[in-house]
Amino acid sequence: MIDSCGRNIDYLRLSVTDLCNYRCRYCMPEEGVCKRTHSEILSLEELEAIARAAVALGITKIRLTGGEPLVRRGIVELCRRLRRIPELQELCLTTNGSLLPDLAAPLREAGVDRLNISLDTLRPERFTQMTCRGELGQVLKGLAAAEEAGFTNLKLNTVLIGGFNDDEISDFVRLTQVHPWEVRFIELMPMGPCAQWDRSCFLPNTTVLRHCPELRPLPARGVARRYRIPGARGTVGLISPLSHEFCADCRRIRVTADGKLKGCLHSREEIDLRGLHGWQLQNAIRLGIAQKPQRHHLTERRSDTPRNMNQIGG
Ligand code: SAM
Ligand code: SF4
């Protein structure tokens, strides 16, 4: 479907839970979230119905997210059901990787095409400090399990945070010399717990190019500007919502785990999809696409959403 700004909306990010086994300091309050009752969260049947309605309107790619999507009971079954939607071209999932040692193979078998794995530091102590509870070794095992299960084109999501991991930029870029992965640096967005952090934490992605002048540009893909070190097996992606606004190329809509359609990550506007079926559900999605905001206001350091990132899905 084409929105009011002429953008072809073909990508749905579907959140399956706002719960998480980590507490990344920029994303989620340490005390966690007020646990919603089972009935406040979309059931597997509702998630499938929303996915089917969206695909009928032209969505060709779905990414499952959260919170941590792999803590959601029935996630493998959900993937299996979504994979059966004939017109769906790509089923992807973004995860912190911690549960992949057990779930990578079942997810692959259920038909998930691609994984993005979030990893902000390669140093074990820092990792535990940032996630408040995670172990780096577990995520590295998850990465290995994903490769063993047959996932290719793995992407690593690394949120660049001044004073936290900017001294690891070269280490992350070096990973692409030995692994066929895309390491994607994402600019930290001021929302939720990090909204009030010091300005020095918010680094432009040009910092990566300054640290690694050997990176050579490649044709852009989606919202990422891409680079490669000559001869490297993998690539480096820069996702720069603040310094290089990409709203004009945004093809996404989002549905939160409590069933709200969001045309923009940073907007307050939401359309409730709960309780809607058939043509009513399709009309609500159509409306959400038609009303997709032209742009966000992050460049003015303002996200208008009252939600934390774990309550949207990134
Ligand atoms: N738990 C999964 C994970 O961590 O990959 C999926 C959900 S998480 C909300 C999705 C992505 O959003 C992660 O890569 C995370 O690092 C990123 N993220 C969370 N808060 C962010 C922020 N304030 N700015 C930029 N990226 C953020
Ligand atoms: Fe959990 Fe992902 Fe947020 Fe970290 S970034 S707290 S892993 S939802």
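To keep things clear, this report deals only with the structure shown in the data block. (Residues numbered from 1 in each chain as written. Chains lettered and ligands numbered in written order. Predicted model: local features only at pLDDT ≥ 70, side-chain atom pairs only at ≥ 80, totals over all residues. Heavy atoms only, no water.)

## Concerning the sheet that holds strand β1 (residues 11-15)
The 12 strands are arranged β7-β8-β9-β6-β5-β4-β3-β2-β1-β10-β11-β12 in an open sheet whose pairing can be described as mixed. On the outer flanks of this sheet lie β7 (216-221) and β12 (271-272), each paired with one strand and no other. Both β1 and strand β10 (residues 252-255) contribute to a ladder of 4 bridges, which runs parallel. Within β10, the position partnered with Tyr 11 by the bridge is Arg 252. Of the strands in this sheet, β1, β2 (61-65) and β10 touch helix α1 (residues 44-56), which is tilted by about 170° from β1. Strand contacts of helix α5 (residues 136-148): β4 (114-118) and β5 (155-160), with the helix running at about 165° to β4, the strand carrying the most contacts. (Pairing = 2+ DSSP bridges. Helix = DSSP H or I, 4+ residues; strand = E, 2+ residues; numbered from the N terminus. Contact = heavy atoms within 4.5 Å. Axes fitted to C-alpha atoms, helices over the stretch in contact; angles between N-to-C directions.)

## Concerning α5
In this model α5 runs 19 Å from its N-terminal to its C-terminal C-alpha over 13 residues, within 8% of the 18 Å that 1.5 Å per residue would give. Residues of α5 that are buried sit in contact with α3 (100-110), β4, α4 (124-131) and β5. Positive backbone phi, approximately 105°, marks Gly 150, located one or two places after α5. (Expected span 1.5 Å × (residues − 1).)

## What to know about the packing of aromatic side chains
Scanning all chains against the criterion turns up 2 aromatic pairs. Centroid distance Tyr 22 to Phe 127: 5.8 Å. Interplanar angle 80°. Geometry classified as edge-to-face. Here Phe 127 lies in helix α4 and Tyr 22 lies in the loop between β1 and α1, a separation of 105 residues in the sequence. Look at Tyr 22 and you get buried, because its relative accessible area is 6%. Residue class for Phe 127 comes out buried when judged on its relative accessible area of 4%. Ring geometry for Phe 172 against Phe 185: centres 6.2 Å apart, planes inclined by 85°, an arrangement best described as edge-to-face. On the criterion of sequence distance, the pair formed by Phe 172 in helix α6 (residues 169-178) and Phe 185 in strand β6 (residues 182-187) is long-range, its members being 13 residues apart. Classification of Phe 185 by relative accessible area gives buried; the value is 1%. Positioned over the ring face of Tyr 11 is Lys 61, at 4.3 Å from the centre of the ring. Sitting over the ring of Phe 164, Arg 126 keeps its end group 6.0 Å from the ring centre. (Phe/Tyr/Trp six-rings, centres within 6.5 Å; stacked < 30°, edge-to-face > 60°. Buried < 20%, exposed > 50% of the residue type's maximum accessible area, 1.4 Å probe, protein only. Lys NZ or Arg CZ within 6 Å of the ring centre and 35° of its normal.)

## Overview of the site of ligand 2
For ligand 2, the full set of nearby residues is Cys 20, Tyr 22, Cys 24, Cys 27, Met 28, Gly 67 and Asn 96. A per-class count over the shell around ligand 2 returns 5 nonpolar, 2 polar and no charged. (Near = heavy atom within 4 Å. Nonpolar A, V, L, I, M, F, W, Y, C, P; charged D, E, K, R; others polar.)

## So, the pattern of salt bridges
In the structure shown here, the tally under the stated rule is 21 salt bridges. Arg 174 is the salt-bridge partner of Asp 171, the closest N and O atoms lying 2.7 Å from each other. On the criterion of helical spacing, the pair formed by Asp 171 and Arg 174 is a turn pair, its members being 3 residues apart in helix α6. Accessibility expressed as a relative area gives 26% for Asp 171, which makes it partly exposed. (Salt bridge = Lys/Arg side-chain N within 4 Å of Asp/Glu carboxyl O.)

## So, the site of ligand 1
Close to ligand 1 lie 20 residues; Tyr 26, Gly 67, Glu 68, Ser 118 and Met 189 are nearest. In this structure, an oxygen atom belonging to ligand 1 sits 2.9 Å away from a side-chain N or O atom of Tyr 26. Here a nitrogen atom of ligand 1 sits 3.1 Å away from a polar atom, N or O, in the side chain of Glu 68. Starting from 540 Å² of accessible surface for ligand 1 in isolation, the protein chains cover 94%. (Polar contact = N/O pair within 3.5 Å; in protein donor to acceptor, adjacent residues only side chain to side chain. Areas by Shrake-Rupley, 256 points an atom, 1.4 Å probe, with all protein chains shown as cover.)

## Concerning the pairing of β7
Summarising burial for β7: 0 of the 6 residues are buried, a small minority. Here β7 pairs with strand β8 (residues 224-228) via 4 bridges, running antiparallel. Residue Leu 218 lies in a different strand from β8, and its bridge partner there is Arg 226. Hairpin geometry of β7 and β8 is characterised by an intervening segment of 2 residues between the two adjacent antiparallel strands and by a positive phi of about 60° at Gly 222.

## Side note on the packing of helix α2 (residues 75-83) against α3
Contact pair α2 / α3: the axes reach a minimum separation of 8 Å and the direction vectors enclose 20°. Taken together, the axes of α2 and α3 lie roughly parallel to each other. Taken as a pair, α2 and α3 cross one another with a handedness that is right-handed. Residues Val 76, Cys 79, Arg 80 and Arg 83 of α2 pack against Leu 103, Pro 106, Leu 107, Glu 109 and Ala 110 of α3. Looking at side-chain class alone, the contact of α2 with α3 contains 6 nonpolar, no polar and 3 charged residues. (Parallel < 35°, antiparallel > 145°, perpendicular 65-115°, else oblique. Left-handed = near helix turned anticlockwise from the far one by under 90°.)

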